[in-house]
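Each chain, written out:
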Amino acid sequence: LQWNIAGPNNSPNVLSELTWSQIKIAQLNLYSSFVFNRKFYFRGNLDYGWIFDGKNQDSDYDSDNRQDEYSRSNNDANSGNVYDSNIAVGYMFRLFDPNVNQSLYLIPTVGYSVHVQELVMQNGMQTISEGPNTSPVGPIPGLNNSYDAKWYGPWVGADLSLEVAEKSDLLIRFEYHLVEYYAEANWNLRDEFQHPKSFEHVADGQGWLFSANFRRIISSNWVVGLSFDYQDWYTDAGIDRIFLSDGRVGELQLNRVDWTSLNFMVTVGYFTGDLF
């Protein structure tokens, strides 16, 4: 996840930029789907993840286009959590091929989702320090910044299920999201900011998700599988609203927020009736 803001009157056009990268997450996913009358389709999922490794970089600039970098810190991001919830409804179209005795299901869907990332910056190390108010090069004692982001809104998409072999199917999913973005941060070492809410970000955005899930029945009611998900989200320009310790509130331009995610999972499920 990456975001950047502009300076006063958009000068410089990138004043500060933060990037969380190589974030590794152990995740538990609870998923359920139902089909009524072989036509009406419902699915929902809840995810919870524990961040156990990652990196963060915080850079500040004096000139446009990320020139004259005067401050940089490189920090650990090896704790925090993520949450995801998603519901969908759809209508099933079944295409049957009698030559191979296989069925293809096409399911246009609409839904609503919420995605939350609780990110941290710890074990700080100042690596560039050329400004009068920056930390000296070296460790940053006591750094414990938090940045909690939420993406939420409706989406449209489609599910496609193909019976690839006896007792096995491949489920492919695509979703296009229109979202509202909101984030709160606590910059714990900045005395000029309020705590625990130092600033907030507000913006509109969009995103898309692609997933593929192979499933195989291993007994009368149990199924195992492998899944792959890729997500790409971004915002339009928004507001960086700053809460100062003396009670004043300032605003700068939030230029953009980007979030990408790659997910591999092993799945185990229990089903009743038909698998689809």
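Heads up: the structure comes first, above all this text.
About the thresholds
Residues numbered from 1 in each chain as written. Predicted model: local features only at pLDDT ≥ 70, side-chain atom pairs only at ≥ 80, totals over all residues. Heavy atoms only, no water. 1 Å grid on protein atoms, 1.4 Å probe; cavity = no way out; pocket = protein on both sides within 12 Å on 5 of 7 lines; lining within 4 Å. Points joined across faces, edges and corners; volume = space filled by probe spheres on them. Helix = DSSP H or I, 4+ residues; strand = E, 2+ residues; numbered from the N terminus. Nonpolar A, V, L, I, M, F, W, Y, C, P; charged D, E, K, R; others polar. Phe/Tyr/Trp six-rings, centres within 6.5 Å; stacked < 30°, edge-to-face > 60°. Buried < 20%, exposed > 50% of the residue type's maximum accessible area, 1.4 Å probe, protein only. Lys NZ or Arg CZ within 6 Å of the ring centre and 35° of its normal. Contact = heavy atoms within 4.5 Å. Salt bridge = Lys/Arg side-chain N within 4 Å of Asp/Glu carboxyl O.

J.: In this structure, what is going on with the layout of surface pockets? I would like to understand it.
T.: Gaps between atoms show up when a probe of the same size as a water molecule is rolled over them. Reported here for the second largest pocket is a volume of approximately 900 Å³. Every residue lining the second largest pocket is counted, 34 residues in all, and those nearest its centre are Asp 58, Asp 60, Trp 187, Arg 190 and Glu 192. Put simply, the parts of the chain that give the lining of the second largest pocket at least two residues each are β1 (2-5), β2 (16-36), β3 (40-63), β4 (67-76), β7 (102-129), β8 (138-165) and β12 (238-243). It is β4 that contributes the most residues to the lining of the second largest pocket, five residues altogether. Counted by class, the lining of the second largest pocket contains 16 nonpolar, 11 polar and seven charged residues.

J.: Any chance you could explain the packing of aromatic side chains here in plain terms?
T.: If you walk through the whole model with that rule in mind, you get 18 aromatic pairs. Taking the centre distance of 6.4 Å and the plane angle of 25° together, the rings of Phe 174 and Trp 208 count as stacked. Highlighted residues: Phe 174 in strand β9 (residues 168-186) and Trp 208 in strand β10 (residues 199-217), separated in sequence by 34 residues. Judged by its relative accessible area of 39%, Phe 174 falls in the partly exposed class. Over the face of the ring belonging to Tyr 152 we find Lys 150, whose NZ or CZ atom lies 5.9 Å from the ring centre.

J.: Can you walk me through the environment of Gly 207 in this structure?
T.: Relative to the helices and strands, Gly 207 is located in strand β10. Measuring from C-alpha to C-alpha, the distance between Gly 207 and Tyr 176 comes to 6.0 Å, with 31 residues separating the pair along the chain. Filtering out sequence-adjacent residues up to four positions away, Gly 207 remains in contact with Glu 175, Tyr 176, His 177, Asp 232 and Trp 233.

J.: When you look at the pattern of salt bridges in this model, what are you seeing that I'm missing?
T.: Two side chains bearing opposite charge may form a pair once their charged atoms approach each other closely. In total, this model carries 14 salt bridges according to the counting rule given. When the shortest N-O distance is used, the salt bridge between Arg 43 and Asp 159 registers 2.9 Å. Separated by 116 residues along the polypeptide, Arg 43 in strand β3 and Asp 159 in strand β8 bring together distant segments of the chain. In this structure Arg 43 comes out as buried when scored by relative accessible area, which is 1%. For Asp 159, a relative accessible area of 1% translates into the label buried. For Glu 184, the salt bridge is made with Lys 197, and the minimal N-O distance between the two is 3.7 Å. On the criterion of sequence distance, the pair formed by Glu 184 in strand β9 and Lys 197 in the loop between β9 and β10 is long-range, its members being 13 residues apart. A residue is classified by how much of its surface remains accessible, and Glu 184, at 33% relative accessible area, is partly exposed. Classification of Lys 197 by relative accessible area gives partly exposed; the value is 27%.

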